[in-house]
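Given next are the chains, with one letter for each unit.
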Amino acid sequence: MPEPVVTVFEDPDAAERALHRLQEAEVTDARVVSPAPFPVVHLTGRPGPWPVLNKVALAGAITGLTTAALLEALTSRSMGLVVGGKPILAWPAFGVIMFELTMLFAGVANFLALVVLSAATRGRVAEAARAAANSEQIVVVVPGERFEGPGAAAVRAALGEGRS
Amino acid sequence: VDTREVIRIERDIIATMSRTGWRYRVGLGLSAGMVVVGGIAWSLALRRGLGVFGLNEPVMWGALITTFVFFIGVSHSGTLVSAILYFARSPLRAAIGRSAEAMTVITILTAGLYPIIHIGRSWLFYFVLAYPSQRQLWPNFRSPLTWDVFAISSYVTVSALFLYMGMLPDLAMLSRRVNGWRRPFFRALSLGFSGTDAEWALLEKAYPIFAGVVIPLAVSVHSVVSWDFAMSVMPGWHSSIFAPYFVAGAIFSGIAMAILLLAGLRRGYRLERYIRPGHFEMLSKLLLAASLVMTFTYATEFFMAFFHGSAAEAEVFRWRPTGAYAWVFWLVIACNSAAPLACFWGRVRRSLPALVIISVLVSVGMWFERFLFIVTTLAHTYLPQNWGLYRPTVPEVLICLGGFGWFFTLFLLFIKIFPSISVAETMEREHAAAHSAELEANHA
């Protein structure tokens with residue numbers, strides 16, 4: 001399997017033009033590495049399965065809500081607090097901590113999902129970019145097989161402004 | 001925005017971490033000195049007990065709890081404002097977001113010290129945590145003080161993660177730009193973030209979810225702090241307006257503190273290109289709006305106190321502007337309601353020295369406002385034979401000043417270790433601004 005070709009751009013607009021030309025040449029699997037979220041990073045058509053982040057945050061929220069409810073209910077029952085005839089399970093008062101832990105767990109779950117998914121998607125692209133460019137340059141990585149066959153000239157032309 | 005521009009942005013912002021001028025050293029020395037003095041005063045309280053404080057019956061909450069509420073208020077504005085500015089896509093965020101978020105985390109860490117100091121036997125503070133113990137006791141989850149522990153712990157955790165999440169791209173950049181011990185340090189902290197398109201897409205998806213979590217949490221936390229007071233049946237505290245009143249006060253004091261910190265950063269590190277007069281003007285408008293809300297809240301409190309017919313409530317509100325603490329009341333009105341009105345004038349909004357003076361006055365006013373409502377209610381409650389006065393002692397004052405020293409020390413250390421302005425967001429903003437200017441020029 002041929003190695004991916006790494007092209008370094010000095011300016012995000014040049015990288016953006018290159019991405020547009022690659023799309024015209026029907027190259028849709030190029031990857032970009034950028035120090036900032038310039039528009040070029042949105043041109044690779046790699047939204048990924050990120051709706052999963054919503055679900056992870058929701059799962060975290062439900063876990064937090066359940067944890068708080070169980071903590072408050074079970075400890076109140078076990079401690080035998082004198083409540084003067086009022087209900088031992090005071091749900092309106094418990095609601096505050098249930099809300100706080102819901103939000104806490106949702107946030108922490110969201111963060112952990114970000115870390116895990118980032119590590120899973122980074123792959124060899126990041127290593128190739130790190131080896132080829134400085135922290136301030138934009139890198140476009142195109143799979144090696146795109147440089148074979150009849151479309152190779154168009155792909156090379158698309159990346160012309162960069163340094164491969 | 002080409003590579004040269006990107007390098008310049010990186011260099012300017014990283015300079016805040018590498019350049020240490022005399023102002024920084026003096027500031028850090030003074031702050032650390034205040035921490036030492038505050039620590040000595042606290043050690044006195046630990047050795048001799050709570051008797052060294054001016055607390056008494058009926059005023060059992062004083063300057064320490066005042067400082068706690070003040071710092072919690074300051075903290076809430078940072079992350080809250082940053083998250084709101086994120087959703088508003090405001091250019092202000094790139095300039096102030098990082099400092100505001102750091103301010104939040106540091107102020108919560110500062111605020112959290114005061115209840116621990118206040119309880120006297122500080123080493124037993126863990127009794128408030130929910131953990132199985134041989135005493136077979138659990139915290140009372142019906143108590144607003146327990147709500148507070150959970151609310152503040154949740155908020156500090158989420159705020160720290162929010163700050164950290166926003167810093168990941170900068171930490172990755174730093175891991176390649178710096179040398180020595182900092183390189184592996186930043187590399188480890190960046191969690192491998194490399195700026196791939198997939199990572200940016202992930203971050204741009206995860207960040208708004210997190211901001212969406214932060215905003216209700218911020219509002220809830222200061223509401224919960226207000227309920228420490230409002231859930232009691234004390235005159236002057238037992239009011240449904242307390243939660244929004246506290247949230248508004250938190251935003252007000254937080255904006256004032258943000259102006260002070262940003263003015264210091266701008267002056268100290270020549271960041272005029274990134275922290276612009278327009279940013280201060282926007283902050284001053286927010287400060288003015290928050291001041292008007294606060295004034296309206298003060299007026300509403302008085303109106304309700306005299307309207308609903310409770311003699312004790314009316315007496316507390318009659319006593320505040322005329323009694324032993326009248327000077328505090330009028331100082332609060334002067335600092336929080338009158339001084340910010342100067343921001344109606346454009347010249348004041350565009351004058352950084354004037355804004356700094358107003359922000360100092362607001363910070364002083366907000367501390368005394370917390371003092372006013374805590375102490376006057378306790379000092380002047382239902383039974384006249386229980387009335388009493390409170391005056392903070394020297395150790396209390398020193399511990400409070402030590403808290404301010406602690407806050408500034410941590411902030412100064414933060415800007416020395418981490419970039420105080422988001423490099424990635426600044427690059428993105430400069431790029432977008434350059435494109436807008438180009439489009440306008442073409443259109444013209």
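Conventions we followed
- Residues numbered from 1 in each chain as written.
- Chains lettered and ligands numbered in written order.
- Predicted model: local features only at pLDDT ≥ 70, side-chain atom pairs only at ≥ 80, totals over all residues.
- Heavy atoms only, no water.
- Helix = DSSP H or I, 4+ residues; strand = E, 2+ residues; numbered from the N terminus.
- Rg over C-alpha atoms; globule rule 2.2 N^0.38 Å.
- Buried < 20%, exposed > 50% of the residue type's maximum accessible area, 1.4 Å probe, protein only.
- Contact = heavy atoms within 4.5 Å.
- Areas by Shrake-Rupley, 256 points an atom, 1.4 Å probe, with all protein chains shown as cover.
- Lys, Arg positive; Asp, Glu negative; His and termini not counted.
- Charge placed at Lys NZ, Arg CZ, Asp CG, Glu CD.
- Buried area = accessible area lost by both parts, 1.4 Å probe.
- Salt bridge = Lys/Arg side-chain N within 4 Å of Asp/Glu carboxyl O.
- Polar contact = N/O pair within 3.5 Å; in protein donor to acceptor, adjacent residues only side chain to side chain.
- Patch = residues over 30% accessible without salt bridge, like charges linked within 9 Å, V, L, I, M, F, W, Y side chains within 5 Å.
- Expected span 1.5 Å × (residues − 1).
- Pairing = 2+ DSSP bridges.
- Axes fitted to C-alpha atoms, helices over the stretch in contact; angles between N-to-C directions.
- Parallel < 35°, antiparallel > 145°, perpendicular 65-115°, else oblique.
- Left-handed = near helix turned anticlockwise from the far one by under 90°.
- Nonpolar A, V, L, I, M, F, W, Y, C, P; charged D, E, K, R; others polar.

Caption draft 1: Focus on the overall build of chain A. Secondary structure summary: chain A contains four helices and three strands in total. Against the globule reference of 15 Å for 164 residues, chain A gives a C-alpha radius of gyration of 25 Å, more extended than a compact globule. Dimensions of chain A along its principal axes, counting C-alpha atoms only, are 85 × 30 × 25 Å. Looking at the 164 residues of chain A, the share that counts as buried comes to 49%. Across chain A, every contact between residues at least 6 apart in sequence was considered, and the portion connecting residues at least 24 apart equals 77%. Of the roughly 7,800 Å² that chain A leaves accessible, carbon and sulfur atoms contribute 64%. In chain A, 13 side chains carry a positive charge and 15 a negative one; their mean positions are 9 Å apart.

Caption draft 2: Molecular detail of the interface of chain B and chain A. Counting residues at the interface gives 59 residues for chain B, matched by 64 residues for chain A. Together chain B and chain A conceal approximately 5,200 Å² of surface at their shared face, both sides included; 66% is due to carbon and sulfur atoms. Where chain B meets chain A, there are two salt bridges. Among the ionic pairs, Glu199(B) bridges to Arg122(A), the shortest N-O distance being 2.6 Å. Where chain B touches chain A, the interface holds 14 residue pairs in polar contact (both at pLDDT 80 or more). Contributing elements (two or more residues each) for the side of chain B that touches chain A: helix H1 (3–18), helix H6 (144–177), helix H8 (197–230) and helix H16 (423–443) of chain B.

Caption draft 3: Geometry of a positive patch on the surface. On the surface, Arg19(B), Arg23(B), Arg267(B) and Arg270(B) cluster together into a patch of positive charge. Looking at the secondary structure, you find Arg270(B) in the loop between helix H9 (242–269) and helix H10 (277–307).

Caption draft 4: Expanded view of the environment of Leu341(B). Residue and element names in this part refer to chain B. Counting through the fold element by element, Leu341 comes out in the loop between helix H12 (326–338) and helix H13 (346–349). A relative accessible area of 33% means that Leu341 is categorised as partly exposed. In the structure, Leu341 is positioned 158 residues away from Arg183 in sequence and 48 Å away in space, judged by C-alpha atoms. Setting aside residues no more than four positions away along its own chain, Leu341 makes contact with Leu288 and Leu292.

Caption draft 5: Structural context of helix H3 (residues 63–87) of chain B. Residue and element names in this part refer to chain B. Relative to the 36 Å expected for 25 residues at 1.5 Å per residue, H3 spans 37 Å between its end C-alpha atoms, a close match to the ideal helical length. With respect to burial, H3 is a largely interior element, 23 of its 25 residues being buried. Just past H3, the residue Arg89 takes up positive phi, approximately 55 degrees.

Caption draft 6: How the structure looks around the sheet that holds strand S3 (residues 138–142) of chain A. All names here are of chain A. The strand order across the open sheet built from three strands is S1-S3-S2, with neighbouring strands paired in antiparallel fashion. Edge strands, defined here as strands with exactly one partner in the open sheet, are strand S1 (5–9) and strand S2 (31–33). Recorded for the sheet is a direction-independent mean angle of 20 degrees between the axes of neighbouring strands. With three bridges joining them, S2 and S3 adopt antiparallel strand pairing. Residue Val32 lies in a different strand from S3, and its bridge partner there is Val140. This element, helix H1 (residues 12–24), spans S1, S2 and S3 of the sheet and lies at about 20 degrees to S3. The sheet strands contacting helix H3 (residues 91–132) are S1, S2 and S3, and the helix crosses S2 at an angle near 55 degrees.

Caption draft 7: Spatial organisation of the packing of helix H11 (residues 311–322) of chain B against helix H14 (residues 352–379) of chain B. Residue and element names in this part refer to chain B. Remark: H11 packs on H14, axes separated minimally by 10 Å, with the N-to-C direction vectors making an angle of 120 degrees. Overall, the two elements H11 and H14 adopt an arrangement that is oblique. Of the two possible hands of crossing, H11 and H14 adopt the one that is right-handed. The residues of H14 that touch H11, namely those facing Val316, Trp319 and Arg320, are Leu372, Phe373, Thr376, Thr377 and Ala379. Residues belonging to the contact of H11 with H14 are distributed by class as follows: five nonpolar, two polar and one charged.

Caption draft 8: Local environment of the pairing of S3(A). Residue and element names in this part refer to chain A. Among the five residues that make up S3, five are buried, leaving the element largely enclosed by the rest of the structure. Sheet topology note: the S1/S3 ladder contains five bridges and is antiparallel. Bridged to Val5 within S3 is Val142.

Caption draft 9: Molecular detail of the packing of H3(A) against H8(B). Two elements in contact, H3(A) and H8(B), have axes whose closest approach is 10 Å; the angle formed by their N-to-C orientations is 165 degrees. If you check the angle between H3(A) and H8(B), you find them roughly antiparallel. Of the two possible hands of crossing, H3(A) and H8(B) adopt the one that is left-handed. For the contact of H3(A) with H8(B), the per-class residue count stands at 19 nonpolar, five polar and three charged.

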